[in-house]
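Analysis of the macromolecular model
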Amino acid sequence: MNYDNVVNLIVEEIYKKLNNNEVPNKPKAVLLWEDNQAKFDMLNNEFDIMNFDKNVKSCEILIVSKLCMRGLCNLALGNSTSDEERFILKMLMKGKKVYILDEGIEYKRYKETAPKALYNKYLAYEDELKKFGIEIIKDLNCITSKKNNFIQNEEVKKDDCKTEIFKMDDEFSLDLKNKKLISESDLRKPQMNGVKSIIVSKKSIITPLATDFIRIHHLKLKRI
């Protein structure tokens, strides 16, 4: 088999997989103080779920399953006495999303018995966390409903890959200047009928098969 054809086939296959999102790139979600990871299975389709350990350096979202009264006080004051608390504060400083499950907040268990002044003190600490951007949630669906917050970059990439055909100087042109890699499949489209020129970026890479397609169909190649 011709070496150039082998290279073209490999490039085309990689390109197809990238376009079909077959290469997983899910946002990382870290769980804190949670022994039963199975109850978070509903998030597996949207996030790469993992439990916290000292080797974890960052994540896109952080889910705090349980929060004791001491931890609540520490975080509200910007202090930390454990690796977990330090990680929470670090993620907040990095602008990451932090969620705390309402059912896991310890002080709320004592609402009926705690002195009102003391209970309100912890309530005020909780309000401080909210000011930091932490969200207290009662349902994991609150996280999945905000999926768009974590895939904005992917949406931008998809928008960048959009193509457009327009008429300029009495001829139709295919605008591919937002694509980094131009393959033959980008050119073999029904809307190519009547197209006389291809516009690409100066940094775009054109595969050999795409180059042959342009030559065979007498298309003008414009780099801008």
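Look above for the structure.
Here is a short report on the structure shown in this document. (Residues numbered from 1 in each chain as written. Predicted model: local features only at pLDDT ≥ 70, side-chain atom pairs only at ≥ 80, totals over all residues. Heavy atoms only, no water.)

Thoughts on the overall build of the chain
The helix and strand tally for the chain stands at 8 helices and 11 strands. With 224 residues in all, the chain has 35% of them scored as buried. Long-range contacts, defined here as pairs at least 24 residues apart, represent 60% of the contacts in the chain between residues at least 6 apart. (Helix = DSSP H or I, 4+ residues; strand = E, 2+ residues; numbered from the N terminus. Buried < 20%, exposed > 50% of the residue type's maximum accessible area, 1.4 Å probe, protein only. Contact = heavy atoms within 4.5 Å.)

Quick notes on the environment of Lys179
Within the secondary structure, Lys179 sits in the loop between strand S7 (171–175) and strand S8 (181–182). For Lys179, a relative accessible area of 7% corresponds to the buried category. Residues Lys179 and Lys203, spaced 24 residues apart in sequence, show a C-alpha to C-alpha distance of 9.4 Å.

Digging into the pairing of strand S1 (residues 28–32)
Burial analysis of S1 places 4 of its 5 residues in the buried class, which makes it a mostly covered element. Strand direction decides the pairing type here: S1 and strand S2 (residues 48–51), joined by 4 bridges, are parallel. Paired with Leu31 across the strands is Asn51, a residue of S2. By the bridge criterion, 4 bridges tie S1 to strand S3 (residues 61–64) in an arrangement that is parallel. Paired with Ala29 across the strands is Ile61, a residue of S3. (Pairing = 2+ DSSP bridges.)

As for the side chain of Glu126
Inspection of the secondary structure puts Glu126 in helix H4 (residues 116–131). Polar side-chain contacts of Glu126 include one of 3.3 Å to the side chain of Lys108. Excluding anything up to four places from it in sequence, Glu126 contacts Leu72, Ile105, Tyr107, Lys108 and Ile136. (Polar contact = N/O pair within 3.5 Å; in protein donor to acceptor, adjacent residues only side chain to side chain.)

Re the pattern of salt bridges
Under the criterion given, the structure shown has 13 salt bridges. Two residues, Asp83 and Arg86, come together in a salt bridge whose shortest N-O distance is 2.8 Å. Separated by 3 residues within a single helix, Asp83 and Arg86 lie in helix H3 (residues 83–93), roughly one turn from each other. Here Arg86 falls in the partly exposed class, since its relative accessible area comes to 41%. The closest approach of N and O atoms between Glu126 and Lys130, which form a salt bridge, is 3.6 Å. On the criterion of helical spacing, the pair formed by Glu126 and Lys130 is a turn pair, its members being 4 residues apart in helix H4. For Glu126, a relative accessible area of 4% translates into the label buried. When its relative accessible area of 42% is taken as the criterion, Lys130 is described as partly exposed. Residues joined by salt bridges that share partners form a network here, namely Asp102, Lys108, Glu126 and Lys130. (Salt bridge = Lys/Arg side-chain N within 4 Å of Asp/Glu carboxyl O.)

Some remarks on the packing of aromatic side chains
Within this structure, the stated rule accounts for 4 aromatic pairs. Aromatic side chains Tyr107 and Tyr122 sit 5.8 Å apart centroid to centroid with 20° between the ring planes, which places their arrangement in the stacked category. Placement of the pair is Tyr107 in the loop between strand S4 (97–101) and H4 and Tyr122 in helix H4, with a sequence separation of 15 residues. Arranged with centres 6.1 Å apart and planes meeting at 75°, the rings of Tyr122 and Tyr125 form a pair that is edge-to-face. Remark: Tyr125 and Tyr122 occur in helix H4; sequence separation between them is 3 residues, near one turn of the helix. Here the aromatic cluster, defined as three or more aromatic residues joined through ring pairs, consists of Tyr107, Tyr119, Tyr122 and Tyr125. (Phe/Tyr/Trp six-rings, centres within 6.5 Å; stacked < 30°, edge-to-face > 60°.)

Interpretation in functional terms is not warranted from these geometric data alone.
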